[in-house]
Amino acid sequence: KLLTLNSIAMLIQHSHSIDEILRTALPLLQKTIEADAVIVYLKKEGTEDLSLAAHSDIDKNLLEKIPRLRLNSSATGSVFKTHQPIFIQKKVYNDSRILPEFREFFKKVNVEALAIIPLISREQIYGAIDIVSRASNPFTEELIQILSLVSNQLGSAIESAQLYNQLQAQIDQL
């Protein structure tokens, strides 16, 4: 697990592309924590939406339903607004914080647990990462700490990539 954290940290140091970072980091994270799927949503500027930025192993039927989540009506939006993670250890399909269409889908595909962790850097929130599991009670204290570290690394990487892209745009204008 430490090797995964190190690999993600190295990737972040060497890339200025949010897409590249997420495309590489999510499968590493998924394999290390034995999740069934990993999803990242980022805040879409000028909207009240979170947009699907990257994913690892999402069922195509679910993918059609989740390209965008409203901040005011989704559990992921709630995490974004409060900056506090949510860990649902079992029977996620019975949790009222989850939108009804997702509860129905989760029950159909035997998803038991869900973690939603904010992507934060220097008090600024950029999005959230959703961890999906078919196992009950998968989020141990150790795993929660790892997810917190990875989400902080990803938050910092997103911030750095955005700053780099802004700087590059200013240079291009000159």
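Residues numbered from 1 in each chain as written. Predicted model: local features only at pLDDT ≥ 70, side-chain atom pairs only at ≥ 80, totals over all residues. Heavy atoms only, no water.

**Side note on the side chain of Thr-32**
Summarising the element assignment, Thr-32 is placed in helix H2 (residues 18-33). Within the local environment of Thr-32, its side chain forms a polar contact with the backbone oxygen of Leu-28, the two atoms lying 2.8 Å apart. Each residue touching Thr-32, except ones within four places of it in the same chain, is listed here: Lys-1 and Thr-4. (Helix = DSSP H or I, 4+ residues; strand = E, 2+ residues; numbered from the N terminus. Polar contact = N/O pair within 3.5 Å; in protein donor to acceptor, adjacent residues only side chain to side chain. Contact = heavy atoms within 4.5 Å.)

**Re the nonpolar core**
Leu-29, Ile-129, Ile-131, Leu-147 and Leu-154 are the most contacted members of the largest nonpolar core, which totals 32 residues. Listing elements by their share of this core, those giving two or more residues are helix H1 (2-14), H2, strand E1 (37-43), strand E5 (113-121), strand E6 (124-133) and helix H6 (141-173). Tallying contributions element by element places H6 first for this core, with 8 residues. Beyond its immediate chain neighbours, meaning those up to four positions away, Ile-131 contacts Leu-29, Ile-33, Ala-35, Ala-37, Val-38, Ala-113, Leu-114, Ala-115, Ile-117, Phe-139 and Leu-147. Listed in part, the 28 residues of the second largest apolar core include Ile-98, Phe-106, Leu-114 and Ile-116. (Core = buried A, V, L, I, M, F, W, Y, C linked by side-chain atoms within 4.5 Å. Buried < 20%, exposed > 50% of the residue type's maximum accessible area, 1.4 Å probe, protein only.)

**A word on helix H4 (residues 75-82)**
For H4, the set of buried residues is Ala-75, Thr-76, Gly-77, Val-79 and Phe-80. In this fold, the buried residues of H4 make contact with E1, strand E2 (49-56), strand E3 (68-70), strand E4 (86-88), E5 and E6. Two residues or fewer after H4 comes His-83, characterised by a positive phi angle close to 65 degrees.

**Digging into the packing of H1 against H6**
Interaxial distance between H1 and H6 falls to 10 Å at its minimum, and their mutual angle equals 5 degrees. It follows from the interaxial angle that H1 and H6 lie roughly parallel. Contacts from Leu-5, Ile-8, Ala-9 and Ile-12 in H1 reach Ile-146, Leu-149, Val-150, Gln-153, Leu-154 and Ala-157 in H6. Partitioned by chemical class, the residues of the contact of H1 with H6 number 9 nonpolar, 1 polar and no charged. (Axes fitted to C-alpha atoms, helices over the stretch in contact; angles between N-to-C directions. Parallel < 35°, antiparallel > 145°, perpendicular 65-115°, else oblique. Nonpolar A, V, L, I, M, F, W, Y, C, P; charged D, E, K, R; others polar.)

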